[in-house]
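Fold and contact review
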Amino acid sequence: MSILAVQPSLASPAPSDRVAPDTAAGEESTAHPLAEVIGADLTVPLVHGGAARYVNLDYAASAPALRAVADRVAELLPLYSSVHRGAGYASAVCTSAYEAARAEIGRFVGARDDDVVILTRNTTDALNLLAAAVPGAAPGGVVHLDIEHHANLLPWQRLGSRVVQAGGTRAQTVAAVAAELAAAPAALLAVTGASNVTGECPPLAELTALAHRHGARIVVDGAQLVPHRRVSLAASGVDYLAFSGHKLYAPYGAGVLVGRRDWLESAPPYLAGGGAVREVRLGRTEWADAPARHEAGTPNVIGAVALAAACRTVAALGPDAVSAHERALLGRLTEGLAAIDGVRTFRLWPSASGGGGDDLDRIGVLTFTVDGYPAALVAQYLSAEHGVGVRDGRFCAHPLLARFAADGVTADGAGVRASLGLGSRAEDVDRLLAALASLRAHGPAWTYAAPEAGYVPVPDPRALPDWLASAAAGPAAPCSA
Ligand code: ALA
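Here is a short report on the structure shown in this document.

What counts as what
Residues numbered from 1 in each chain as written. Predicted model: local features only at pLDDT ≥ 70, side-chain atom pairs only at ≥ 80, totals over all residues. Heavy atoms only, no water. Salt bridge = Lys/Arg side-chain N within 4 Å of Asp/Glu carboxyl O. Helix = DSSP H or I, 4+ residues; strand = E, 2+ residues; numbered from the N terminus. Buried < 20%, exposed > 50% of the residue type's maximum accessible area, 1.4 Å probe, protein only. Arc of directions from axis to C-beta. Contact = heavy atoms within 4.5 Å. Near = heavy atom within 4 Å. Polar contact = N/O pair within 3.5 Å; in protein donor to acceptor, adjacent residues only side chain to side chain. Areas by Shrake-Rupley, 256 points an atom, 1.4 Å probe, with all protein chains shown as cover. Nonpolar A, V, L, I, M, F, W, Y, C, P; charged D, E, K, R; others polar. Expected span 1.5 Å × (residues − 1). Axes fitted to C-alpha atoms, helices over the stretch in contact; angles between N-to-C directions. Parallel < 35°, antiparallel > 145°, perpendicular 65-115°, else oblique. Left-handed = near helix turned anticlockwise from the far one by under 90°. 1 Å grid on protein atoms, 1.4 Å probe; cavity = no way out; pocket = protein on both sides within 12 Å on 5 of 7 lines; lining within 4 Å. Points joined across faces, edges and corners; volume = space filled by probe spheres on them. Domains from an automatic or database assignment.

Moving on: the pattern of salt bridges. A pair can form between side chains of opposite charge whenever their charged atoms are brought close. Scanning all chains against the criterion turns up 28 salt bridges. Residues Arg102 and Glu99 are paired through a salt bridge, measuring 2.8 Å at the closest nitrogen-oxygen approach. Here Glu99 and Arg102 lie together in helix H3 (residues 89-108), a separation of three residues that amounts to about one turn. With a shortest N-O distance of 3.0 Å, Asp115 and Arg112 are connected by a salt bridge. In this structure Asp115 comes out as buried when scored by relative accessible area, which is 9%. The buried category is assigned to Arg112, whose relative accessible area is 16%. When salt bridges that share partners are traced, they join Arg53, Arg425, Glu427 and Asp428 into one network.

Here we come to helix H13 (residues 398-406). Among all positions of H13, only Leu400, Leu401, Arg403 and Phe404 are buried. Across the axial projection of H13, the buried residues extend over an arc of 150 degrees, all falling on one side. The inward-facing, buried residues of H13 abut strand S17 (391-393) and strand S18 (415-419). Two residues or fewer past H13, Gly408 is found with a positive phi of approximately 80 degrees.

It is worth spelling out the site of the ligand at this point. Near the ligand you find Ala60, Ala61, His149, Asn196, Gln224, Lys247, Arg391 and Arg417, and these make up its full shell. Within the side chain of Lys247, a nitrogen or oxygen atom sits 3.0 Å from a nitrogen atom of the ligand. One nitrogen or oxygen atom from the side chain of Arg391 is found 2.5 Å from an oxygen atom belonging to the ligand. Protein coverage of the free-state accessible area of the ligand, which is 220 Å², stands at 84%. For the shell around the ligand, a count of residues per class yields two nonpolar, three polar and three charged.

Another point: helix H14 (residues 426-442). Here H14 spans 24 Å end to end across 17 residues, near enough to the 24 Å set by a 1.5 Å rise per residue. Counting buried positions along H14 gives 13 out of 17 residues, so the element sits mostly inside the fold. Where H14 ends, the next residue or the one after it, Gly443, has phi of about 75 degrees, a positive value.

Here helix H11 (residues 319-338) crosses H14 at 10 degrees, and the two axes come no closer than 10 Å. Judged by the angle between their axes, H11 and H14 are roughly parallel. Of H14, the residues touching H11 (which contributes Leu329, Arg332, Leu333, Gly336 and Leu337) are Ala426, Val429, Asp430, Leu432, Leu433 and Leu436. A breakdown of the residues in the contact of H11 with H14 according to their chemical character gives eight nonpolar, one polar and two charged.

This brings us to the packing of H3 against helix H10 (residues 301-317). Interaxial distance between H3 and H10 falls to 8 Å at its minimum, and their mutual angle equals 40 degrees. The angle between H3 and H10 falls in the class oblique. Handedness of the H3/H10 crossing: left-handed. Contacts between H3 and H10 involve Cys94, Ala97, Tyr98, Ala101, Glu104, Ile105 and Phe108 from the former and Val301, Ala304, Val305, Leu307, Ala308, Cys311, Arg312, Val314 and Ala315 from the latter.

Moving on, we come to the layout of surface pockets. Considering only enclosed or pocket space, the second largest pocket measures out at about 440 Å³ in volume. Forming the boundary of the second largest pocket are 25 residues, of which Leu204, Leu225, Arg229, Arg230 and Val231 lie nearest the centre. Secondary-structure elements contributing two or more residues to the lining of the second largest pocket are helix H7 (204-213) and H11. For the lining of the second largest pocket, the class distribution of residues is 15 nonpolar, five polar and five charged. No fewer than three residues from each of domain 1 (24-64 + 319-462) and domain 2 (70-316) sit in the lining of the second largest pocket.

Below you can see the structure in the form of structure tokens.
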């Protein structure tokens, strides 16, 4: 930490550096958050003294809890007890709440009557569960794109999957998948609903039809898509969907796998243990049917109830309100970044319109680089000097970032990601844009450590909250994988 990589410039950000995008279009729908989230008024310390309202542009990693979700959890906590295991009143309430949550989550994603809703820890857990359920999973039996998050790549890689390189357009991508499925049969096509790096959505309807035409099933990694768009298994024909509570405003440790019963019913239990069985004898066990078959151990009733409350709240907002709010903010962000010299955004499939806010096939997730500054430094600067929270690095999508590096989009193989959600507002986008314009104009006003030390601010006078201060040394450096 003794070698300092970046020295402060003499000039401090000046008010005239602030980017002030034309705010007429979409202002109505972006001036306020669409729903109340916990932490909306959080104030964070800045390295040069003082504090700022925290601008959370990291929804794609983990979204804050909705107020309605936190309220429901507070209602449940006094009744917290065992699920499927106790005779007490609180236990009966929790069992009922857990099963009601399962049903609500299934309704939210349009589960078919015979689909199974399995409560997991998160999307990664859900996809690993499905990987263990693919029947006769022989090498080559699963096909996926090269743009996937590791959660939707590593479980299949372990099975010996076939990888299709996404094409330069959505149509070319569909054609590449079609060629792969035609070359040899597959049991399963695994595809993201929306890239966690670019926010772009693959054409799910076409890919679903394609998979089915070739006798394969399709699983959608909905971790990014579900918080932004309504998904219906029944209407779309998608066979399996996985998503996480912590990205859907319910950060209480639950995730979901929803989908066709037969594979899940005949698969070996994901976890062996209590609750997943009908009868155990020494040397022989009769396993329960799904979903209990895959939910051994005490279930996370708080997480399940929280996730169901999030589903209910998001559904009540209506799909049009969610996408209108997000499109206006994304347009503002896209146009604002394009106006800053030296900022480049990552796109898999640049739209004919130039990638503005009119592209319906993008969610509010966008990754960029700033010429002359490593991604990790930009992210540290945004946090330390402006109170803006983003994620940098390779976003658990190393093959995709390697492609962007090979294409010259990123010099250091990494990017800076800004992601939006229900609590976002125009002012948040403007704070990011102003900070980036200032960086380009003046450089950082603080000193940052060397690359190997993660470009953390040096010194870093920002105190941790009192309740944590005695247990930890200081703000932790991120793991930017
Ligand atoms: N999968 C999450 C992300 O993309 C953590 O940030």
